[in-house]
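Each chain, written out:
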Amino acid sequence: MNRGRLLGLGLLYLLVIGMALMVVANRHEARQLFAELQKLEKENAELSAEWSRLKLEQSTLLNQVLVESRAKQELGMQKPSADNIRVIRE
Amino acid sequence: MKRKHVTSPVFQGRRLLLMLLLLVVIGILMLRAAYLEIFQQEWLQKKADDRQLRVATVPAYRGMILDRNGDAMAISSPVDSLWCNPQDLLKAREEMRHEYELARQVTDATAGKADAEEREMHELAATRFARLEAGFRHIEETLEMGEGELLRRLEKEGNKQFAYLGRHLPLEVAEEILALDLPGVAATREYRRYYPLGETAGHVVGMTNTDGVGIEGIEKARNADLAGKDGKTRVVRDAKGRLVESVVNLEEMQPGQNIQLSIDRRIQYLAYKELKGRVYELNARAGSMVVLDAHTGEILAMVNVPSFNPNNRKDVEPYRYRNRAVTDKSEPGSTLKPLTLAAALEARVIGSDILIDTSPGHISFGKYTVKDKGNYGPISLAKLLAKSSNVGASRVALLMNPRDHWMFLSKLGFGRVPDAGFSGESAGQLTGYESWGKVDHASHGYGYGLSSSLLQLTHAYAPFAAGGKLMPASIYKVTQQPLAQDVMSAETARSVLRMMEAVVQKGGTGEMAMVEGYRVAGKTGTAYKFIDGKYRDDRYLTSFIGVAPVSRPRLVVAVQIDEPKIEDSGGRAAAPVFSKVMAEALRLLDIPPDNLPDTRQADTQPPKQTTEGAT
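The shown structure was predicted, so the numbers you read here are calculated from the model rather than taken from an experiment. Along every chain, residues carry numbers that run from 1 in the direction the sequence is written. Following the order in which they are written, the chains are lettered starting with A and the ligands numbered starting with 1. Local features in this predicted model are restricted to residues whose pLDDT is 70 or higher, and side-chain atom pairs enter the listing and the counts only when it is 80 or higher, whereas totals over whole chains, interfaces and linings include all residues.

(A) Region of interest: the interface of chain B and chain A. Whether two residues are in contact depends on their C-beta atoms, placed from the backbone: they are in contact if these lie within 7 Å. Taken together, the contacts link 27 residues of chain B with 23 residues of chain A. When contributions to the side of chain B that touches chain A are tallied by element, the ones reaching two or more residues are strand E3 (72–84), strand E5 (185–194), strand E7 (243–251) and helix H10 (265–281) of chain B. Residue classes follow a fixed rule: Ala, Val, Leu, Ile, Met, Phe, Trp, Tyr, Cys and Pro count as nonpolar, while Asp, Glu, Lys and Arg count as charged, and any other residue, Gly among them, counts as polar. Residues that form the side of chain B that touches chain A fall into these classes: 14 nonpolar, seven polar and six charged. By the criteria applied, helices consist of DSSP H or I runs no shorter than four residues and strands consist of E runs no shorter than two, each listed in order from the N terminus.

(B) Focus on the confidence of the model for chain B. Residue and element names in this part refer to chain B. In predicted models, pLDDT denotes the confidence assigned by the predictor to each residue on a 0 to 100 scale. Of all residues in chain B, 91% attain a pLDDT of 70 or more, and the chain-wide mean is 84. Note that residues 600–615 has pLDDT below 50 and, in this model, 12 contacts with residues that lie over four places away or in other chains. Interface confidence for the predicted complex, expressed as ipTM, amounts to 0.70; the pTM equals 0.79.

(C) Up close: the sheet that holds E7 of chain B. Residues and elements named next belong to chain B. Strand pairing is assigned whenever DSSP identifies at least 2 bridges connecting the two strands. An order of E1-E6-E7 is seen for the three strands of this open sheet, with the pairing classed as antiparallel. The open sheet terminates on both sides in strands that have one partner only, identified here as strand E1 (53–58) and E7. If you compare each strand with its neighbour and ignore which way they point, the axes differ by 30 degrees on average. Bridge count for strand E6 (residues 231–237) against E7 is six bridges, and the pairing is antiparallel. Axis definition: a line fitted to C-alpha atoms, limited for helices to the stretch in contact. Angles are taken between N-to-C directions and run from 0 to 180 degrees.

(D) Highlighting the nonpolar core. All names here are of chain B. Residues enter a nonpolar core if they are buried, belong to Ala, Val, Leu, Ile, Met, Phe, Trp, Tyr or Cys, and are joined to the set through C-beta atoms within 7 Å. Put simply, a residue is buried when 20 or more other C-beta atoms lie within 10 Å of its own C-beta and exposed when 12 or fewer do; between those, it is partly exposed, and each C-beta is set from the backbone. Val291, Leu555 and Val556 are the most contacted members of the largest nonpolar core, which has 120 residues in total. Among the elements that line this core, the one with the most residues is helix H18 (residues 454–465), at eight residues. Apart from residues lying up to four places away in sequence, Val291 is in contact with Ile267, Ala271, Leu300, Ala301, Leu555, Val557, Val581 and Ala585. Membership of the second largest hydrophobic core comes to 10 residues, among which are Leu165, Leu169, Val185 and Tyr191.

(E) Representation of the sheet that holds strand E19 (residues 555–562) of chain B. Residues and elements named next belong to chain B. Strand order across the open sheet formed by five strands is E10-E9-E19-E18-E17, with antiparallel pairing between neighbours. Of all strands in the sheet, those bounded by a partner on one side alone are strand E10 (298–305) and strand E17 (521–531). Across the sheet, the axes of successive neighbouring strands diverge by a mean angle of 15 degrees, strand direction being ignored. Bridge count for strand E9 (residues 286–293) against E10 is seven bridges, and the pairing is antiparallel. Along E10, the bridge assignment pairs Val291 with Ala301. Docked against the sheet, helix H19 (residues 490–501) engages E17 and strand E18 (534–548), running at close to 80 degrees with respect to E17. Across the sheet, helix H20 (residues 575–588) is in contact with E9, E10, E17, E18 and E19; its angle to E19 comes to roughly 150 degrees.

(F) The arrangement of the packing of helix H13 (residues 337–346) of chain B against H19 of chain B in detail. All names here are of chain B. In the contact formed by H13 and H19, the axes pass within 10 Å of each other and the chain directions differ by 145 degrees. The handedness of the crossing between H13 and H19 is right-handed. Where H13 approaches H19, its residues Pro338, Leu341, Ala342, Leu345 and Glu346 are matched on the opposing element by Thr492, Ser495, Val496, Met499 and Met500. Grouping the amino acids of the contact of H13 with H19 by side-chain chemistry returns seven nonpolar, two polar and one charged. Each helix crossing is assigned a hand: it is left-handed if the near helix lies turned anticlockwise from the far helix by less than a right angle, otherwise right-handed if that turn is clockwise.

And the structure:
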């Protein structure tokens, strides 16, 4: 009885120590994860800055006046005149 | 075994005293510790938290503004705002410069033979200083400041605790400075707004101020939806201000919503380009243009000249901000005549094949006289529009009961705020018919005595293109069709459209509005300005409003040019712009041509109306 109690107490003691260590480890891991999160958030910000830059570039390149003049000059295309249009109705 | 108790006669008292003293000291320390832990715990914890814990704001991403096809018209991009404590920074810089100069002297003096470690240290200091200087230069370049200006500004604010090194810097530029790990320098994440369309869509999209709050256009009208809600989180910071841990999320960040407009940026761009060119060509004061899809009420393009570039807030004078097509009201002039005819047809006081006698070319109401350019004699309604006869329009107006006429104009939205989604929309002016005299009634027939914004006028033409139905105007993309209002019969709409087609034909006032491949109907207008109690014949608004394609009408395009300096009567100033923009808009929207050379003959026979889906 006395020995059993002592054993139980010892176990509890070990448990407490173990838990304490786990708290520390957990806390450490949380901070590490947070650091990673911050890194990723920064990366996200950089990527979205890049994305909006590309989006802006795309919209300047997509400007139809630019597209039209390039189509005319570089590809030798032309707008169809009314004579060249046939309307097909289904 | 019994130990013999030996007592040292000499040291006994001294030992006791020493132990007692030690015990007392330990006791004091323990008491103190207990006191702090038990009684002062709360206060101390608070102090510690004050140093480590901060409530950090998580800025919400501002939603995008998209055009009807999902292309961006306003994008937020993350930027850093660098701020510093000028005192600390200047001191640090001075130290670095000192080391830098020392390093130069050392390398000069001891060429080669100095202690390697020491030299390395000096070199490090030298490069750090060089990097700081380079970073400053970079900021100055990005913010378009002169060389050395940033430093002078810092020195001026040297006694303050806070100063911005630069707001809204690209991430790389801020990183350059932050990497130096200087005391008292930190960055705040913010968002900067970019507008790919620049001045083309300045009035519609609007802009935000430096703090990201919408102050014009849609940015202002829908600020709450776009802005979202900033989040708050409690974080632990270390001594250098870096975040160590996020303790608790106080408020969840809610990103702003995207808002989709009814604008088609391709048409918008083209409309702006053409209008701007024309306004400069005519040396006019201003110009506006609206492109409306009559079937849905969506505004496909809305441009004004002069405009402003929302990307660059520096050079903006207030008059450039005004979205004239929505906020400015003016008397519509002759462009109102088709509506007079429609009102009369609806009131059944005339038939569509009636002849109106306009001789002798003028008509008098007491001291007022309404004049035409010549005596046209008896003319058909189509000719009335083609010649833009004021006498004819007055006669037709006077045939109506004023109440019916007023009701018709009111139903079309005159005197009412269009509620299309802009801020500051003008309601125009339409006085009650009870107060109309004969002159007033007649003048309402040819477009004077009432006023409207260009948007209202364009909207009022929509029923001609939508079989007599009026859809509410909207700047937002319409996903669920709202209820249409029946304002005239489909028959009236069609016959007035036919009459307006005569305007856009060889010899008509709107000849220059013709579009190759399409049948176009429209009306020119010249509205003299009423200044200081009289109409000025040297200052006027010239406009053109048209509908196309006539066989299956879809678009309404309105152009208005304010005070062209080059003498130009009727719609000749505005019609060419109309023609170019209408042609491109029809092509971009894939609307099949209805006036091709080989179908022209087919038009004389009853058109083969088969299925709805074309091409």
